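Tertiary structure, described
Chain by chain, the residues:
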Amino acid sequence: MRIQQQVQLKTLNTLNLDALASHYVQIQHQDDIAQALAFAQQQQLNVLILSGGSNVLLPQQIDALVMHMQLQGIEALSEDQDVQRFKVSAGQNWHEFVLWTTAQQRYGLQNLALIPGLVGAAPVQNIGAYGVEVGEFIESVEVYDRQLAQFSQLSAEQCQFAYRDSIFKQHPERYIICAVIFKLVKQAQLKINYGDLKAAMGADLSPENLQRQVIQIRQAKLPDPQQFANVGSFFKNPLISQALFATLIVDFPQMPHYPQSDASVKIAAGWLIEQAGWKGKRLGSVGMFERQALVLVNYAQANLADVEHTYTAVQHDVFQKFGIMLQAEPVRFNASGMIQAPTLIQSW
């Protein structure tokens, strides 16, 4: 383990924000975790856990120890007639892992193809797409519990998965994810009734075609982070009450909506943003992508303040038009490496 000082993280976050870390270490073995935490404690540094950098907002200076999770490995575990379990290290590339499961004829994750980031970040947000959430296929998560100073394993129930939420998001300073145990099915049960996916599938209802169509749809709509710096979907699809929905649907009958089991209604955030006039619109070097209003793009050399200026303006306009407050998905860190609630720059 080698701790470096004054390391630029610009290439390690997909929004391409300048972020200089006072201390940085790659975690390549589980033993590195305790050693790195001990160093941080000795130096009185906060710790920032960095995964694939695809869901973070970083400040220009970070006075903390950035622990970059690079644990590698996929291990096949037990199987029965219907299911096989796999232990996947936190540093594995998510999309490459999804492709690998399909090649192994193990199914469930195909709807989640081409989501950027690493496996270890997937449970934090309980990533989801096209009607599937990763928590549905997680059996447990191996973690280092900083509160107890020991390695442990949390069951899926203990992870408290919900829409874009989990115990890891609720208690970000406690757990460091080391590996995820997936349970994948041998006979695919396709979920294709979401958005334009069913039409794209055509007559070929195979999991391989499902994965192929998901990739093609995402490539057509979403910008490649190598060309347009972004973090994917920037806002959560809001959940609203039946009462508010009943009011809005009268004025906006074309509003895409998805009733939920708890009686709330999920609204498509991208549609709200587009209707508010933000699709393809920029403020300086930051704007919402012209092909997908849900994606915020850093078109030049924007910093965190530029990003905040744009996304709070989007929130303001959507709220003014619909009475719905959008919530940003990316995790925002302050200069001390601590997670911070997004700041509202404008007074509403």
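Every value quoted in this text rests on a predicted model; they were computed, and no experiment measured them.

Points about the overall build of the protein chain
When helices and strands are tallied, the protein chain shows ten helices and 20 strands. Compactness check: the protein chain gives a C-alpha radius of gyration of 20 Å against a globular reference of 20 Å for 348 residues, within 12% of the reference. In terms of principal-axis extent, the alpha carbons of the protein chain reach across some 60 × 55 × 35 Å. Within the protein chain, the proportion of its 348 residues that are buried is 51%. Put simply, 62% of the contacts in the protein chain that link residues at least 6 apart link residues at least 24 apart. Carbon and sulfur atoms make up 46% of the accessible area of the protein chain, which amounts to about 15,800 Å² in all. Positive and negative side-chain charges of the protein chain, numbering 24 and 29 respectively, have mean locations separated by a distance of 4 Å.

Some thoughts on unusual backbone geometry
Even without a glycine there, the phi angle at Gln-105 is positive, about 60 degrees. For Ala-149, which is not glycine, the phi torsion reads 55 degrees and is therefore positive. On the secondary structure map, Ala-149 appears in the loop between strand E10 (138-145) and strand E11 (150-155).

Structural notes on the pattern of salt bridges
Under the definition given, this model contains twelve salt bridges. Notably, a salt bridge pairs Lys-191 with Glu-136, separated by 2.9 Å at the nearest N-O pair. Taken together, the positions of Lys-191 in the loop between strand E12 (175-185) and helix H6 (197-201) and Glu-136 in the loop between strand E9 (132-133) and E10 put the pair 55 residues apart, joining distant regions of the chain. The partly exposed category is assigned to Lys-191, whose relative accessible area is 37%. Salt bridges here are not isolated pairs; linked through shared partners, they connect Glu-79, Arg-106 and Lys-186.

Some thoughts on the confidence of the model for the protein chain
Detailed reading of the predicted coordinates is not advisable wherever pLDDT falls low. Looking at the protein chain as a whole, its pLDDT mean stands at 94, while 98% of the residues score no less than 70. Every residue in residues 344-348 scores below 50 in pLDDT, and together they form 15 contacts with partners more than four places removed in sequence or on other chains.

Quick notes on the sheet that holds strand E18 (residues 286-288)
Ordered by their spatial adjacency, four strands build an open sheet running E13-E19-E18-E17, and the pairing between neighbours is antiparallel. Looking at which strands have only one partner, the edges of the open sheet turn out to be strand E13 (229-233) and strand E17 (282-283). When E13 meets strand E19 (residues 295-298), the two strands line up antiparallel, connected through three bridges. Bridge pairing in E19 links Asn-230 to Val-297.

Concerning the domain arrangement of the protein chain
One can read the domain layout of the protein chain as domain 1 (3-69), domain 2 (74-218) and domain 3 (235-328). For domain 2 versus domain 3, the distance between C-alpha centres works out to 26 Å. Across the contact, four residues belong to domain 2 and five residues belong to domain 3. Our count for the domain 2 to domain 3 interface comes out at zero salt bridges.

Observations concerning the sheet that holds strand E5 (residues 61-69)
Judged by pairing direction, the sheet is mixed, and its four strands sit side by side in the order E1-E2-E5-E3 without closing on themselves. A strand with exactly one partner marks an edge of an open sheet, and here the two such strands are strand E1 (4-8) and strand E3 (47-50). Each adjacent strand pair in this sheet contributes to an overall mean axis angle of 45 degrees, direction not counted. With four bridges joining them, E3 and E5 adopt parallel strand pairing. Residue pairing for E5: Ile-49 is matched across the bridge by Met-67. Taken strand by strand, helix H1 (residues 30-42) contacts strand E2 (20-27), E3 and E5, and its axis lies near 165 degrees from that of E5.

Rules behind the numbers
Residues numbered from 1 in each chain as written. Predicted model: local features only at pLDDT ≥ 70, side-chain atom pairs only at ≥ 80, totals over all residues. Heavy atoms only, no water. Helix = DSSP H or I, 4+ residues; strand = E, 2+ residues; numbered from the N terminus. Rg over C-alpha atoms; globule rule 2.2 N^0.38 Å. Buried < 20%, exposed > 50% of the residue type's maximum accessible area, 1.4 Å probe, protein only. Contact = heavy atoms within 4.5 Å. Areas by Shrake-Rupley, 256 points an atom, 1.4 Å probe, with all protein chains shown as cover. Lys, Arg positive; Asp, Glu negative; His and termini not counted. Charge placed at Lys NZ, Arg CZ, Asp CG, Glu CD. Salt bridge = Lys/Arg side-chain N within 4 Å of Asp/Glu carboxyl O. pLDDT = per-residue confidence, 0-100. Pairing = 2+ DSSP bridges. Domains from an automatic or database assignment. Axes fitted to C-alpha atoms, helices over the stretch in contact; angles between N-to-C directions.

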